[in-house]
Amino acid sequence: YRWPSPQYDAVEALLYEGSRADRSSMASLVHPCKLRPRTKASIAAEWLRFAYHDVATHNISDGTGGLDGSLAYELDRAENVGDGMKDALSDFRFYSHKYISRSDVIAVGATFAVASCGGPIIPYRSGRIDALGPGPSGVPQPHQDLPTHTDIFQRQGFNPSEMITLVACGHTLGGVRSLDFPTLVAPGSDPSIPNFKLFDSTPEFDNTMIVQYLNGSTKNPLVVDSNTTLTSDSRIFSSDGNQTMQSLASSSAFSQTCANLLERMVNTVPQSVVLTEEVTLLPVKVLDVGLTIEHRILVFKATLRLTKQFGVAANKQRLVKMFWCDRYGQDRDCGQTVKFAQPAAVNQDDHAVSPVTSRVGLSFVKYNFVVPVDPSLSLSKFWFQVDEKNGSEPITYDNGGDGYSLEQDNIIFVPSLSGSSLLQDGNNYTLIAAVRASLAPARVFVSVFDNAMSDNLPPLNTTLDMALDSSLVPTDGYTFYSAVVEDPSGHQLTADFHCEVDGVTYTEDFQPTFFLQNSPTSSPSDVGVISSNSTITPGSSKSSSTTIRHRLLRSLDLWTWTFVSYILIYVLL
Ligand code: HEM
């Protein structure tokens with residue numbers, strides 16, 4: 001990993017922080033192993049079943065189908081019966097964007113569902129491509145016989161023993177509903193609320209269903225119902241003389257085997273799709289970086305995210321500083337001096353964090369920096385230093401030695417002057433970009449993208465020219481351009497701003513539109529200046545040797561050092 005990696009950063013954020021940039025938390029819809037308020041259904045069960053039904057039409061011989069979001073267009077089929085499916089789909093709708101496809105969100109949903117109910121953490125890869133219409137049918141149904149089920153799983157790429165395991169791993173969450181299978185579950189008095197027969201006696205993702213099946217106490221309707229046409233679990237589980245079920249009787253074997261098979265399940269994709277490497281949690285992350293104009297002043301914003309222990313506040317003594325270099329002028333790239341500031345705000349919010357992160361005992365603390373910037377000097381690169389104030393050496397985070405560089409400052413997004421008006425469903429936006437006043441751009445334009453659409457409409461994906469906006473007085477070295485974007489069905493518009501100057505196109509990529517005019521902003525911090533000789537600047541030899549020394553110091557404690565020194569003195573004498 002090397003910053004900036006916009007796609008990795010975006011996927012990592014949803015998977016581990018559990019939320020979008022506006023803190024709307026997908027994780028807290030399901031976590032901790034919640035029931036849906038209206039129907040009392042297990043939300044995790046609905047999300048996991050949704051993922052499987054999307055995968056279930058995969059054909060391994062011609063490489064078609066799989067986790068591609070086509071299920072959104074197939075919910076009127078009998079094989080996908082139930083309000084649980086529709087509810088899951090509407091939970092997922094708000095979280096897809098340019099870097100996370102709708103099918104990637106479904107896979108995140110499966111990971112959250114299992115982890116949230118105490119199951120294993122399914123390793124996650126992204127890069128799924130969405131189908132924008134229905135595919136062939138072929139999801140297994142309970143009235144089908146064993147040879148049909150065996151063939152269906154073979155077509156999906158799973159052998160008979162994997163079929164048993166996958167069904168057992170799925171049928172530990174949730175159960176069967178009266179509204180969908182009235183012959184298996186008798187309806188209650190209110191016809192709009194389902195009655196449930198659960199697969200086992202616990203809401204958790206555990207092997208209780210298997211233990212109860214093996215010891216004969218199971219109430220799983222797909223095993224024990226008197227109408228044996230519908231007892232598909234019974235036929236499947238006993239198809240190898242219960243050998244596979246017995247192999248899952250230990251909870252560690254269950255957990256490990258389900259993690260492997262569910263990972264294969266969510267990675268079952270059309271053959272043209274190439275998934276990324278596994279997305280792992282970044283212990284130190286730099287995000288929300290950019291220049292903008294707030295209160296008529298050019299400011300630079302960046303956030304440093306560190307991990308902290310879940311449920312425990314981050315070290316209050318900790319001193320976090322951001323350092324940066326000028327981009328222009330005599331002192332560019334920190335020739336003589338380095339500027340620095342402390343955070344404008346610190347955020348730590350445990351409750352909304354992803355179950356994947358809280359399961360490993362972690363959460364995040366974010367140090368938000370906002371600093372004023374002189375437009376004639378601008379900013380070329382920045383980095384951070386964290387001093388725990390506990391006697392240990394401060395640690396420098398400088399992107400592996402180079403510092404984090406700001407790619408360009410010719411075009412920037414100005415959310416504080418941009419606005420949106422709410423429509424019945426989506427929004428209309430007036431987007432404002434600022435271009436350096438010294439430039440004469442041949443063209444200023446914006447590419448907008450929204451994949452979080454109502455009614456599974458195709459994404460909004462369009463490019464608009466931006467016009468010089470003379471109603472906005474040039475400010476702090478920048479002139480303003482505007483464009484109006486209509487997004488009547490979308491819920492997560494992002495914009496890439498471009499300006500063409502002398503045949504070169506400069507881009508400010510993937511800007512969110514959650515916080516526009518009237519959103520609260522932090523006032524900029526005070527800026528300090530020190531001589532570049534007195535601090536570590538990225539790329540200098542001083543920097544790399546200091547980094548190595550830090551590592552050594554961290555890995556050996558004081559006692560070890562004393563011991564090593566004695567040995568050295570002894571050997572030398
Ligand atoms: C032969 C294969 C399968 C058959 C015939 C089957 C059948 C069913 C049926 C009839 C229900 C009840 C649905 C309702 O009442 O709305 C159900 C629920 C469920 N299935 Fe399957 N299933 C199969 C495989 C799987 C697999 C492989 C998974 C996931 C790995 C899975 C996950 C679930 C989950 C989580 C539920 C509970 C849904 C809820 O409570 O909302 N199923 N299944």
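Residues numbered from 1 in each chain as written. Predicted model: local features only at pLDDT ≥ 70, side-chain atom pairs only at ≥ 80, totals over all residues.

- Under an unreviewed UniProt entry, the protein chain has the name Heme peroxidase and belongs to Pluteus cervinus.

## Focus: the sheet that holds strand β15 (residues 443-450)
Right, on to step 1. One open sheet accounts for four strands, arranged β16-β15-β19-β20; its pairing is antiparallel. Strand pairing shows two members of the sheet lacking a second neighbour, β16 (460-465) and β20 (504-512), which therefore form its edges. Sheet twist, expressed as the average angle between the axes of neighbouring strands with direction ignored, equals 15°.
Right, on to step 2. Note: β15 against β16, six bridges, orientation antiparallel. By the bridge assignment for β16, Val446 is matched with Leu464. (Pairing = 2+ DSSP bridges. Helix = DSSP H or I, 4+ residues; strand = E, 2+ residues; numbered from the N terminus. Axes fitted to C-alpha atoms, helices over the stretch in contact; angles between N-to-C directions.)

## Examining the site of the ligand
Right, on to step 1. The immediate surroundings of the ligand are formed by 28 residues, with Ala45, Pro140, Gly170, Gly174 and Asp180 found nearest.
Right, on to step 2. Looking at which element gives the most residues to the shell around the ligand, the answer is helix α3 (residues 43-55), with five residues.
Right, on to step 3. Residue composition of the shell around the ligand, grouped by class: 14 nonpolar, 10 polar and four charged. (Near = placed C-beta within 6 Å. Nonpolar A, V, L, I, M, F, W, Y, C, P; charged D, E, K, R; others polar.)

## Observations concerning the nonpolar core
Right, on to step 1. Core analysis: the biggest nonpolar cluster contains 77 residues, and Ala44, Trp47, Leu48, Ala51 and Ala110 have the highest contact counts within it.
Right, on to step 2. Ignoring sequence-local partners within four residues, the contact set of Ala110 consists of Trp47, Leu48, Ala51, Ile122, Leu262 and Val266.
Right, on to step 3. Core analysis: the second largest hydrophobic core is formed by 54 residues, Phe369, Val444, Ala483 and Val485 among them. (Core = buried A, V, L, I, M, F, W, Y, C linked by C-beta atoms within 7 Å. Buried ≥ 20, exposed ≤ 12 C-beta atoms within 10 Å, placed from the backbone. Contact = placed C-beta atoms within 7 Å.)

## A look at the packing of α3 against helix α4 (residues 83-92)
Working note: a packed helix pair is described by the angle between its axes plus the distance between those axes.
Right, on to step 1. Close contact between α3 and α4 brings their axes to 9 Å; oriented N to C, the two are set at 90°. Classified by the angle between their axes, α3 and α4 sit roughly perpendicular to one another. In this structure, α3 uses Glu46, Trp47, Arg49 and Phe50 to contact α4, whose residues at the interface are Gly84, Met85, Asp87 and Ala88.
Right, on to step 2. Taken together, the residues that form the contact of α3 with α4 break down as four nonpolar, one polar and three charged. (Parallel < 35°, antiparallel > 145°, perpendicular 65-115°, else oblique.)

## Here we look at unusual backbone geometry
Right, on to step 1. That bond from Trp3 to Pro4 is cis: its omega, -5°, falls within 30 degrees of zero.
Right, on to step 2. Within the secondary structure, Pro4 is located in the segment before α1 (6-17).
Right, on to step 3. Of note, the amide linkage connecting His31 to Pro32 takes the cis form, showing an omega dihedral of 0°.
Right, on to step 4. Note on placement: Pro32 falls in the loop between α2 (27-30) and α3.
Right, on to step 5. Despite not being glycine, His295 has its phi angle at roughly 50°, a positive value.
Right, on to step 6. The topology assignment puts His295 in the loop between β3 (284-294) and β4 (297-309).
Right, on to step 7. Here His295 falls in the exposed class, since 11 other C-beta atoms lie within 10 Å of it.
Right, on to step 8. At Asn399, a position not held by glycine, the phi torsion is positive, near 60°.
Right, on to step 9. With 18 C-beta atoms counted inside 10 Å, the residue Asn399 sits in the partly exposed group.

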